[in-house]
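# Examination of the molecular architecture
What follows is the residue order along each chain.
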Amino acid sequence: MKNIAVIGAGTMGNGIAHTFAQFNYKVHLIDVSQEALDKGMATISKNLDRMVAKEKISETDKKKTLANISTFTAINEGAKNVDLVVEAATENVSLKSKIFKELDEVCDENTILATNTSSISITQIAAVTNRPEKVIGMHFMNPVPIMKLVEIIRGYNTSDHVMNTIVDLSKKVHKIPVEVNDYPGFVANRILMPMINESIETLYNGVAGVKEIDTVMMLGMAHPMGPLQLADFIGLDVCLSILNVMHDGFKNPKYAPCPLLVNMVMAGKLGIKSGEGFYDYSENRKAERVAKMFS
Ligand SMILES: NC(=O)c1ccc[n+]([C@@H]2O[C@H](COP(=O)([O-])OP(=O)(O)OC[C@H]3O[C@@H](n4cnc5c(N)ncnc54)[C@H](O)[C@@H]3O)[C@@H](O)[C@H]2O)c1
């Protein structure tokens, strides 16, 4: 495995591209938007600078990592002749189905197609291709260059060979893979999202304020970050769509998203990426708050 295409240059896509490039894989970073590609590359560069400052990598490593990434705005150019595609586009089932149909046509028959989806069925995505045995979930955690876990999701038809290849690859980029089966939310979000949703419900019911809820969970449960701050960090739109997938998939009202979360997303309050969520991230306070999260 040498050449990897990453689809989507947003929060996750740029982190995934950074990680593979740092371990010397040739990465094709693909996004429909040139602006997203430029922003993604700027984020990678800034994150590499932070690693250089902390003496985790050298200036030469930074240059080599950046040189390993090329950018594309079309899947039929960027996903040709690669061994693996990791799709990290927006969490939307019809968008992902469209992307996987195109990948199935464009990619070599041996190319493995992975998705970084947080909750959408791998089996459903695989079903739009003619290679369901080569489709797998590779669920990285945010921020990708720092977080060790990768949830590897076996779709109904995923072959053992593909599972083993992706587990080995995850270890090669110094991640810790955990194998799970394909049910809505997998393991990470099935447990995390109800906790975040309940925190929002607690706020919505007026039991306590944002800071108080986060403080209880940080100091009382030894969580490094409060659930409302974590929701801002993940993106409130992403949290909402994961809850909707679990609600639809299990038909269980316990996964119904809190009306406050729905309202905030409709109002464009998406967390860090929009500048405001449960906390204020307006320019002068953003850098300080983000730096604090990773210190
Ligand atoms: N944000 C998180 O913490 C997190 C964690 C784990 C997994 N995920 C999953 O990763 C995926 C991406 O999430 P994100 O937070 O990076 O989203 P994001 O909104 O930050 O980025 C998505 C990117 O996809 C691009 N895109 C949309 N349609 C495209 C297409 N047809 N071809 C190429 N690019 C396209 C957009 O332009 C955007 O740059 C989702 O499936 C999400 O569920 C997110």
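Bear in mind that the values here come from a model prediction, so they are computed numbers and not experimental data.

About the cut-offs
Residues numbered from 1 in each chain as written. Predicted model: local features only at pLDDT ≥ 70, side-chain atom pairs only at ≥ 80, totals over all residues. Heavy atoms only, no water. Helix = DSSP H or I, 4+ residues; strand = E, 2+ residues; numbered from the N terminus. UniProt positions renumbered as here; feature names shortened; annotations may be inferred. Buried < 20%, exposed > 50% of the residue type's maximum accessible area, 1.4 Å probe, protein only. Contact = heavy atoms within 4.5 Å. Polar contact = N/O pair within 3.5 Å; in protein donor to acceptor, adjacent residues only side chain to side chain. Axes fitted to C-alpha atoms, helices over the stretch in contact; angles between N-to-C directions. Parallel < 35°, antiparallel > 145°, perpendicular 65-115°, else oblique. Nonpolar A, V, L, I, M, F, W, Y, C, P; charged D, E, K, R; others polar.

### A closer look at the environment of glycine 10
Looking at the secondary structure, you find glycine 10 in the loop between strand E1 (3-7) and helix H1 (11-22). Residues glycine 10 and threonine 43, 33 residues apart in the sequence, show an inter-C-alpha distance of 9.5 Å.

### Section: the UniProt feature "site: Important for catalytic activity" (unreviewed entry) in the chain
As annotated in UniProt, the feature "site: Important for catalytic activity" (unreviewed entry) corresponds to His139 in the numbering used here. In this fold, histidine 139 is placed in strand E6 (residues 135-140). Assessed through its relative accessible area of 5%, histidine 139 is described here as buried. The residues contacting histidine 139, other than those within four sequence positions of it, are Thr115, Asn116, Thr117, Ser118, Leu149, Val150, Glu151, Ile153, Phe186, Ala188 and Asn189. Among the polar contacts listed, one links the side chain of histidine 139 to the side chain of glutamate 151, at a separation of 2.8 Å.

### Some points on the packing of helix H9 (residues 210-221) against helix H10 (residues 227-234)
Packed helix pairs are characterised by how far apart their axes lie and by the angle those axes make with each other. Running from N to C, H9 and H10 point in directions that differ by 105°, and their axes come no closer than 7 Å. By the angle between their axes, H9 is roughly perpendicular relative to H10. Side by side, H9 and H10 meet where Val210, Ile213, Asp214 and Met217 of the first sit next to Pro227, Leu228 and Gln229 of the second. Residue classes in the contact of H9 with H10 are distributed as five nonpolar, one polar and one charged.

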